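Examination of the molecular architecture
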Amino acid sequence: MKAAVLDLQQKDAAFSSKMLVGRFVRRQGQYGLVEVIARVTEEGLIAVEAADRIYTPRGQVETYGTHAALKQGEWVEFDVVKNPRPRAPAYRLAHLRRLPRYAVLPDATVAEYRNLLTKEGWREDHHPGLWALRVSGDKVLVVELARDVDGALRMPKNATGKVKWLEFDDGCVKKLPAGSGSDDLYLADGSAKGGSFDWSDEADHVAHVIRSLSDANDPRVSDIITWLDLHHEAGTGRVFAATVDHEAAAAALRSGELAEKLRADRELMKSYLDAAVENPAVKEAIAEYAREGENAERAKLRTEFEQKLAAERDRRISELTEELAANRKDAMAKVENDINEHTRRLAAERDDQERGERAALEAKLEALRAESEAQRSSLEDDIRSLKSDKRVADDAKREAETALKGVRVELECVRSELQRTVAEVDRLLLVASQLELAQRTEARGPATPANMPFTSFVVPERAFPEHPLVSVKTKGDLIKQHALLKEQGKALLRKLVVLMLAGELPILTGKGASDLLLIAEAVLSPGRSAIMEADPTLISIEDVWARPGSGAPTAIAVAARAAAERKGSVFAVIRGVERSGARFWMPALANGLRSGALPRELLICCTVHDRDHEEVAALAKDFNWLEVGDVFAEGAYLAAPMVLTLSKREDLSALDPGSFPSDLTAGSSLLHDFGFKLSLAQAMRVARIYKEAQLLTEEDAVARQIAEDVARAMNETKD
């Protein structure tokens, strides 16, 4: 066992208030897993609530290199520290020590306990490992038990030389919380008093030597027994209470057992000798043997008897062999006759059965022929009827097509007439408005900006320049090389682009959000952007596309129309969503982006100025939040006019996001490695984010990190 595993009698007082109790689960090379069950308190073992959330994943912590002596299911005491190893359980073990299971043995002597645990085997339990067994005399044996092939628990031979015992303390017996198992544990500290027994086989050598002397009727046995009796109390075999030498006391206890065994052997041998001497039958047998004299006559009689016995045996065997041969011949003849008769009977029955089956099959075939003929005749009638119906339908179709052509001609005539009528009406309305305007001008005097009607002004359309289209990978390289961003700023911008490409509606907050969006617009779609300021009139999803009251298209609607032309991506931002009814329109907009109902070239995100606003608190928890802090390079404001000015850029290009990714199977293995479960909708979203991140970065590690960050945020916020 390694030095990190503490002995049962040692405990570090520095971490006594932090100790946990758990069960060893399994080992994987140098690493192992321990399931957290309870916390050690002065009141006992208290179950750890929500262990699977505190000690992720699955309420387990990791151990490294300190579990060599642990068996599966064994109990341990430990405290935990943060685990620095990536993609591993959040915590790892520190100050590990094994805890013995606790059980009570029946009252017996030390010799009986020794025989039970080293020879007979203990069968009251089947768990191997460290045990604390309470025995007579208010002692607790601390032993290592192994399970043998017969299923019993025994001490290994190399552990019998020094068997530890402690004075029993009822306060050290701890019961596990309900539902954690049926084991009781014995938590003893280093202050417990105790000693050890020597139960090794070498200690029996003296007993074997003295027992051999007793069998030989050696007169020194009585002296040896008297000497051994001096080491123990009469009738109990216990060590004298006055001794202070524990090793001497253990030796005296063994000598007391040996004295009792020798005394019992001597008394048993004496009983055998007395019975042999006083039994009349034994005396008569001895006298008969003496009268016979030498053994030659007895050998001669034995030889003659054996010869006669052999001759009689041979004769009986010969007679039995002949009788068995005759019986076998008769039986074989009878069996052959029976077989031949049975064969003939089976052949006749088989012929009769075949004739009956053949007749039945012919009758069935005839019936099938008649039925098939009837069905064929019916099908031919149906075919003739269908052909007739088809001819009628073809005629009707030709007539309908002729009528349809006439209707289309009439429709074109009507449309032409309608267009002429509409043009004439528009001309008349224009003339009327000009006449009305002239009349009003004459009434008010010369025209000035103050009295000019509002209808004379025209709202200009938003222009979106056309640039050469480039792939997602090219834009990813531009982000990687951007001069205005730190590394964390580049990672944040990559995450923003991946979320928008995956159909998500990310929300940016923080003092640097506006500046980061300015860089995102310059990288993704320079000059092809739209910004919409949210206000209290923005309530439903329809308000995103048309202004309430006037019905005029919003900046987002104009951007969506430009994105639908497939001339490059359009970057759109809805700023200050907390000023609107965001709880109503944002989920609908997010669903439209995820489902593909909106153009893939439309990249939308939102900003929030007041993170504590009640409208923000009412939003769904599954939105992706990006906190923008210190992400800009030192002196970025000095280089911004040169980097972000469109007129000074020589290589302007717009992002071509391509088609929606159809193969998301690579996300299955990624989801399996997370160690926590997501809903089906969340799993599909994470898989798509992982795919889009691969296309943008072409680095699987970076793509995995982006997908894992999003998945963990979803898992923490789900109900």
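Presented here is an overview of the structure given in this document.

Rules used in this analysis
- Residues numbered from 1 in each chain as written.
- Predicted model: local features only at pLDDT ≥ 70, side-chain atom pairs only at ≥ 80, totals over all residues.
- Heavy atoms only, no water.
- Phe/Tyr/Trp six-rings, centres within 6.5 Å; stacked < 30°, edge-to-face > 60°.
- Helix = DSSP H or I, 4+ residues; strand = E, 2+ residues; numbered from the N terminus.
- Buried < 20%, exposed > 50% of the residue type's maximum accessible area, 1.4 Å probe, protein only.
- Lys NZ or Arg CZ within 6 Å of the ring centre and 35° of its normal.
- 1 Å grid on protein atoms, 1.4 Å probe; cavity = no way out; pocket = protein on both sides within 12 Å on 5 of 7 lines; lining within 4 Å.
- Points joined across faces, edges and corners; volume = space filled by probe spheres on them.
- Nonpolar A, V, L, I, M, F, W, Y, C, P; charged D, E, K, R; others polar.
- Axes fitted to C-alpha atoms, helices over the stretch in contact; angles between N-to-C directions.
- Parallel < 35°, antiparallel > 145°, perpendicular 65-115°, else oblique.
- Left-handed = near helix turned anticlockwise from the far one by under 90°.
- Contact = heavy atoms within 4.5 Å.
- Salt bridge = Lys/Arg side-chain N within 4 Å of Asp/Glu carboxyl O.
- Expected span 1.5 Å × (residues − 1).
- Pairing = 2+ DSSP bridges.

What follows is about the packing of aromatic side chains. Scanning all chains against the criterion turns up nine aromatic pairs. Their ring planes at 20° and their centres at 5.8 Å tell us that Tyr 102 and Tyr 186 sit as a pair that is stacked. Here Tyr 102 is found in strand E7 (residues 101–104), whereas its partner Tyr 186 is found in strand E13 (residues 184–186), with 84 residues between them in sequence. One exposure class covers both Tyr 102 and Tyr 186, and it is buried. On the basis of an interplanar angle of 15° and a centroid distance of 5.5 Å, the ring pair of Phe 674 and Phe 676 is categorised as stacked. Like Phe 674, the residue Phe 676 is buried in the burial classification. An aromatic cluster is present here, built from Tyr 102, Phe 168 and Tyr 186 joined pairwise through their rings. One Lys or Arg, Arg 600, reaches over the ring of Phe 660 and ends 5.2 Å from the middle of that ring.

All right, on to empty space enclosed by the protein then. With the rule as written, the count across this model stands at one cavity of 30 Å³ or more. By volume, the largest cavity is sized at about 90 Å³. Lining the largest cavity are 13 residues, with Met 500, Gly 503, Leu 593, Arg 600 and Leu 602 positioned closest to its centre. At the level of elements, helix H9 (487–501) and strand E19 (602–608) are the ones that each hand at least two residues to the lining of the largest cavity. Of the residues forming the lining of the largest cavity, the biggest block, three residues, is contributed by E19. Tallied by class, residues from the lining of the largest cavity come to nine nonpolar, one polar and three charged.

Cis peptide bonds are those with omega within 30 degrees of zero, and the linkage from Thr 56 to Pro 57 qualifies with -5°. Tracing the chain through its elements places Pro 57 in the loop between helix H1 (51–54) and strand E4 (60–64). Here the phi dihedral of Arg 58 falls at roughly 60°; this positive angle occurs in a residue that is not glycine. Tracing the sequence through the fold places Arg 58 in the loop between H1 and E4. Of note, His 95 is a non-glycine position whose phi angle comes to about 55°, a positive value. Inspection of the secondary structure puts His 95 in strand E6 (residues 91–99).

So, on to the packing of helix H8 (residues 472–480) against H9. Between H8 and H9, the least distance of the axes is 9 Å, while the angle of their chain directions is 160°. In terms of axis orientation, H8 runs roughly antiparallel to H9. As for how H8 packs across H9, the hand of that crossing is right-handed. Here Val 472, Ile 479 and Lys 480 of H8 lie close against H9, whose contacting residues are Lys 490, Leu 493, Arg 494, Val 497 and Leu 501. Of the residues assigned to the contact of H8 with H9, the class counts are five nonpolar, no polar and three charged.

Moving on to the pattern of salt bridges. The final tally for this structure, using the stated rule, is 43 salt bridges. Asp 352 serves as the salt-bridge partner of Arg 355, at 2.1 Å between the closest nitrogen and oxygen. Of this pair, Arg 355 and Asp 352 both sit in helix H7 (residues 296–444), separated by three residues, roughly a single helical turn. For Arg 355, a relative accessible area of 48% gives the class partly exposed. On the accessibility criterion, Asp 352 (46% relative accessible area) is partly exposed. Between Arg 685 and Asp 622 there is a salt bridge whose closest N-O contact spans 3.2 Å. Of the two residues, Arg 685 is situated in helix H17 (residues 680–697) and Asp 622 in the loop between helix H14 (614–617) and strand E20 (625–627); the sequence distance between them amounts to 63 residues. The class for Arg 685 is buried, based on a relative accessible area of 11%. Since its relative accessible area comes to 25%, Asp 622 is described here as partly exposed. Here the residues in one salt-bridge network are Lys 71, Glu 74, Arg 98 and Glu 144, joined through shared partners.

Let us now look at helix H10 (residues 513–524). Note that an α-helix has 3.6 residues per turn; residues three or four places apart therefore point the same way. Taking 1.5 Å of rise per residue, twelve residues should cover 16 Å, and H10 covers 16 Å from first to last C-alpha, within 8% of that figure. Where burial is concerned, most of H10 is hidden: nine out of the twelve residues are buried. Within the span of H10, buried status applies to Ala 513, Leu 516, Leu 517, Ile 519, Ala 520, Glu 521, Ala 522, Val 523 and Leu 524.

Let us look at the sheet that holds E20. Spatially, E17-E18-E19-E16-E20 is the arrangement adopted by the five strands of the open sheet, whose pairing is parallel. Looking along the sheet, the strands with just one partner apiece sit at the ends: strand E17 (529–533) and E20. Across the sheet, the axes of successive neighbouring strands diverge by a mean angle of 25°, strand direction being ignored. One ladder, built from three bridges, connects strand E16 (residues 507–509) with E19; its direction is parallel. Its bridge partner being in E19, Ile 507 is matched across the sheet by Cys 606. The strands touched by helix H12 (residues 555–563) within the sheet are E17, strand E18 (570–575) and E19, with E18 carrying the most contacts at an inclination of about 165°.

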